[in-house]
Amino acid sequence: MIATAGTERLCEANDTSALVILYRGQLVTERYWGIGDADAATDVASIQKSIVGILAGSLIEAGTIALDSPASTWLGRRWSKAPLELESRITVRHLMSMTSGLDRELTAFHEPGAAWQYNTTAYHQLRRLVEEASNENIGSLYYRVIGSFAGTTSVTWKPRRNSMDPHGRPLIAMHSTARDLARIGLLVADGLCRDKREIYPGASRFLEEALRPSSAHNPAYGLLWWLPRNRSAVLPEQPPATTHDPQSHSDQSIVSVGPPDLVAAYGASGQKLYVSREAKVVVVITTPHQPVRHFDPAFDNELWCRLSNTGCRT
């Protein structure tokens, strides 16, 4: 069992809007503070990356796209600002593993696959690729692949105000309630299955691929999912990381306690979706959108100390 009272106090003291915890598929905690309430759908920021990763998996398992095929197959020429020869070697896998070699302006700073750098702009090219390959907008694809299975009713996708990529295309925001994020997390905890049926053929196989390290450059990152228990984590605000530069890595994990198989989707300002399939736990935390926590290992370790009732202090 997990402990919740201390977790609630920690979240209340740390600018949290919503806390939802599921254990063995059952709701054990649902708390709201400040502007949070059960019906409040918020921009979940980069949590959407992990959701879109599952959508990309549906196309990969169907054979519509391939992880190691050039992104240009679906995005066309000059989707980036890299030289065409280099652009042609950037694959779907590079975009999903944050190893495209592109900077936030979509210009080249490394060979594809040679370095890890968190890149929201490049991710949005993947989101566009998924739409192009499926011939559906992201909202329609989400509902067909995930929403109809998870039973979510609040999830919407819409342009983020005053937010464009380097080509002037609007970036898209995913809005959801904390409850619906927990429903998505429950699908992940169940191996992308509902009533023992995969949400798409090969979903469980793809999930295994997505939840293992996708490059040696950052062992704490899978295919658009974080692996917070893995050591040598490289965080979004850190410089590009390569296996040849020991200075670009620390020996730390994002979370040093809790279930060994813990995976996470993180968003700006401290939005969090944690899932442990082994412990059958789903934890959702949403916060007001302001420049507060994004990655805060001290908070996350304290959170899992309290959930695990280990009494540790970091």
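Residues numbered from 1 in each chain as written. Predicted model: local features only at pLDDT ≥ 70, side-chain atom pairs only at ≥ 80, totals over all residues. Heavy atoms only, no water.

Taken N-terminus to C-terminus, the directions of helix H2 (residues 47-62) and helix H6 (residues 120-134) make an angle of 35°; their axes are 10 Å apart at the nearest point. For H2 against H6, the interelement crossing comes out left-handed. For the pair H2 and H6, contact is made by Gln 48, Lys 49, Val 52, Ala 56 and Leu 59 and by Thr 120, Tyr 123, His 124, Arg 127, Val 130, Ala 133 and Ser 134, respectively. Residues that form the contact of H2 with H6 fall into these classes: six nonpolar, four polar and two charged. (Axes fitted to C-alpha atoms, helices over the stretch in contact; angles between N-to-C directions. Helix = DSSP H or I, 4+ residues; strand = E, 2+ residues; numbered from the N terminus. Left-handed = near helix turned anticlockwise from the far one by under 90°. Contact = heavy atoms within 4.5 Å. Nonpolar A, V, L, I, M, F, W, Y, C, P; charged D, E, K, R; others polar.)

This next bit is on the environment of His 94. The topology assignment puts His 94 in helix H5 (residues 92-97). For His 94, a relative accessible area of 15% gives the class buried. Expressed as a C-alpha distance, the spacing of His 94 and Ala 241, which sit 147 residues apart in the sequence, is 14 Å. Contacts of His 94, omitting those with residues within four sequence positions, involve Arg 89, Thr 99, Ser 100, Pro 112 and Gly 113. (Buried < 20%, exposed > 50% of the residue type's maximum accessible area, 1.4 Å probe, protein only.)

With that settled, consider the environment of Glu 302. Within the secondary structure, Glu 302 sits in helix H10 (residues 297-308). On a C-alpha basis, the gap between Glu 302 and Val 20 in space is 17 Å, while along the polypeptide they are 282 residues apart.

A separate point is helix H7 (residues 138-150). When the local axis directions of H7 are compared, the greatest deviation, roughly 45°, occurs at Arg 144. Residues of H7 that are buried include every one of Ile 138, Leu 141, Tyr 142, Val 145, Ile 146, Gly 147, Phe 149 and Ala 150, and no others. Following H7 by one or two positions, Gly 151 adopts a phi angle in the positive range, close to 75°. (Bend = angle between axes of the 7 residues up to and from the residue.)

What follows deals with the environment of Leu 307. With respect to the element layout, Leu 307 can be found in helix H10. Each C-alpha atom of the pair Leu 307 and Glu 8 lies 9.6 Å from the other, and the pair is 299 residues apart in sequence.

Here we come to the pairing of strand E9 (residues 271-276). Burial analysis of E9 places six of its six residues in the buried class, the great majority of the element. Of the two faces of E9, the one lined by Gln 271, Leu 273 and Val 275 and the one lined by Lys 272, Tyr 274 and Ser 276 are each fully buried. Relative to E9, strand E8 (residues 263-267) is paired through five bridges, and the arrangement is antiparallel. From the neighbouring strand, Val 263 faces E9, where its bridge partner is Val 275. (Pairing = 2+ DSSP bridges.)

We now examine the pairing of strand E2 (residues 26-32). Both strand E1 (residues 18-23) and E2 contribute to a ladder of six bridges, which runs antiparallel. Among the inter-strand pairings, Leu 22 is bridged to a residue of E2, identified as Leu 27. With antiparallel pairing between neighbouring strands as the criterion, E1 and E2 make up a hairpin whose turn holds two residues, including Arg 24 at a positive phi of roughly 55°.

Evaluated as defined, the whole model comprises 16 salt bridges. Residue Glu 209 pairs with Arg 212 through a salt bridge whose shortest N-O separation is 2.9 Å. Each member of the salt-bridge network shares a partner with another, and the members are Asp 68, Arg 93, Glu 209 and Arg 212. (Salt bridge = Lys/Arg side-chain N within 4 Å of Asp/Glu carboxyl O.)

Attention shifts here to the packing of aromatic side chains. Scanning the model with the defined rule gives nine aromatic pairs in all. For the ring pair Trp 116 and Tyr 118, a centre distance of 6.3 Å and an interplane angle of 40° mean the geometry is tilted. In this pair, the class of Trp 116 matches that of Tyr 118, namely buried. Ring centres 5.9 Å apart and planes at 75° place the aromatic pair Trp 116 and Trp 226 in the edge-to-face group. Here Trp 226 lies in the loop between helix H9 (203-210) and E8 and Trp 116 lies in the loop between H5 and H6, a separation of 110 residues in the sequence. The exposure class assigned to Trp 116 is buried, which follows from its relative accessible area of 1%. (Phe/Tyr/Trp six-rings, centres within 6.5 Å; stacked < 30°, edge-to-face > 60°.)

As a further point, take unusual backbone geometry. Phi is positive for Ala 45, close to 55°, though the residue is something other than glycine. With a relative accessible area of 11%, Ala 45 lands in the buried category. Positive phi values are uncommon outside glycine, yet Asn 135 reaches one of about 60°. Assignment of secondary structure puts Asn 135 in the loop between H6 and H7.

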